[in-house]
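# Architecture at a glance
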Amino acid sequence: MKIIVSDIPEEGLQQDVDLKVSIDNSEPAEDVHVSVRVNRYGERVMLDGSAGMSVSLVCSRCLKRFRYPISVEFHEEYVPRPDAVDEEHELTDEELALNYYINDMINLDEFIREQVIVSIPIKPLCKANCMGICPMCGKDLNEGSCDCKKEDIDPRLSALKRMLSERRRDG
Ligand SMILES: [Zn+2]
Ligand SMILES: [Zn+2]
């Protein structure tokens, strides 16, 4: 969905739409429900709203697909992109915080896609205490333990250790 900046009325726009957003090119697009308030102040455009969806992710421990619910809130400002972009020019923090639109148009799908992507965990887990798979036989340890010879450490202990060290790393 595209927002034509010059068509935004003085009193603003309220959009409640379902968009199809493709998170990962190998997966079908997902439905995202978006509720957004669009206000224009001269050339500046503010987008305030929220987006909700569930995405299909692969668990980083047991490698199973699962649905992960995402809801994001956003408050973003758009300004027209300057005509001449000097490659040598280093962007200031203020400039980096801005979003640019070109040709009087904001691509809402692309904007929402970016918002959703930053809320996807780097190491998704199907559940907080996922046991993962046995490194020897590949059995899903959430379904019970396997008969592999445990040489050094019980897999439940190693999963616990891993969980604790991950928790420490995540702060
Ligand atoms: Zn899992
Ligand atoms: Zn095993």
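Let me begin by describing the structure that accompanies this report. (Residues numbered from 1 in each chain as written. Chains lettered and ligands numbered in written order. Predicted model: local features only at pLDDT ≥ 70, side-chain atom pairs only at ≥ 80, totals over all residues.)

### Considerations on the sheet that holds strand β2 (residues 13–21)
Hydrogen bonding along the main chain pairs the strands of a sheet, whether they run parallel or antiparallel. Taken in spatial order, the five strands make up an open sheet running β2-β3-β4-β5-β6, and their pairing is mixed. For this open sheet the edge positions go to β2 and β6 (99–101), each flanked by a neighbour on one side alone. On average, each strand axis in the sheet is tilted by 35° relative to the strand beside it, whichever way the strands run. The sheet contact formed by strand β3 (residues 30–41) and strand β4 (residues 44–58) spans nine bridges and is antiparallel. (Pairing = 2+ DSSP bridges. Helix = DSSP H or I, 4+ residues; strand = E, 2+ residues; numbered from the N terminus. Axes fitted to C-alpha atoms, helices over the stretch in contact; angles between N-to-C directions.)

### Quick word on unusual backbone geometry
Positive phi values are uncommon outside glycine, yet L63 reaches one of about 65°. Residue position: L63 is located in the loop between β4 and β5 (65–80). Of the residues examined, L63 has 12 C-beta atoms within 10 Å and is grouped as exposed. Phi angles above zero are rare outside glycine, and D104 is one such case at about 65°. Mapped onto the elements of the fold, D104 is located in the loop between β6 and β7 (105–107). (Buried ≥ 20, exposed ≤ 12 C-beta atoms within 10 Å, placed from the backbone.)

### Let's talk about the environment of R113
Looking at the secondary structure, you find R113 in helix α2 (residues 108–117). On a C-alpha basis, the gap between R113 and V21 in space is 6.2 Å, while along the polypeptide they are 92 residues apart.

### Notes on the nonpolar core
Counting 19 residues, the largest nonpolar core has V32, L47, A51, M53, I106, I112 and V116 as the members making the most contacts within it. The set of elements that each furnish at least two residues to this core consists of β3, β4, β5 and α2. In terms of residue count, the dominant contributor to this core is β4 (six residues). Not counting residues up to four positions away in its chain, the partners in contact with V32 are D18, L19, V21, A51, M53, I112 and V116. (Core = buried A, V, L, I, M, F, W, Y, C linked by C-beta atoms within 7 Å. Contact = placed C-beta atoms within 7 Å.)

### Here's the deal with the pairing of β3
If a strand is regular, its side chains alternate between the two faces of the sheet. Across nine bridges, β2 lies against β3 in antiparallel orientation. Residue pairing in the sheet places Q14 in a bridge with R37 of β3. The hairpin formed by β3 and β4 contains two residues between the paired strands, and G42 there has a positive phi angle of roughly 65°.

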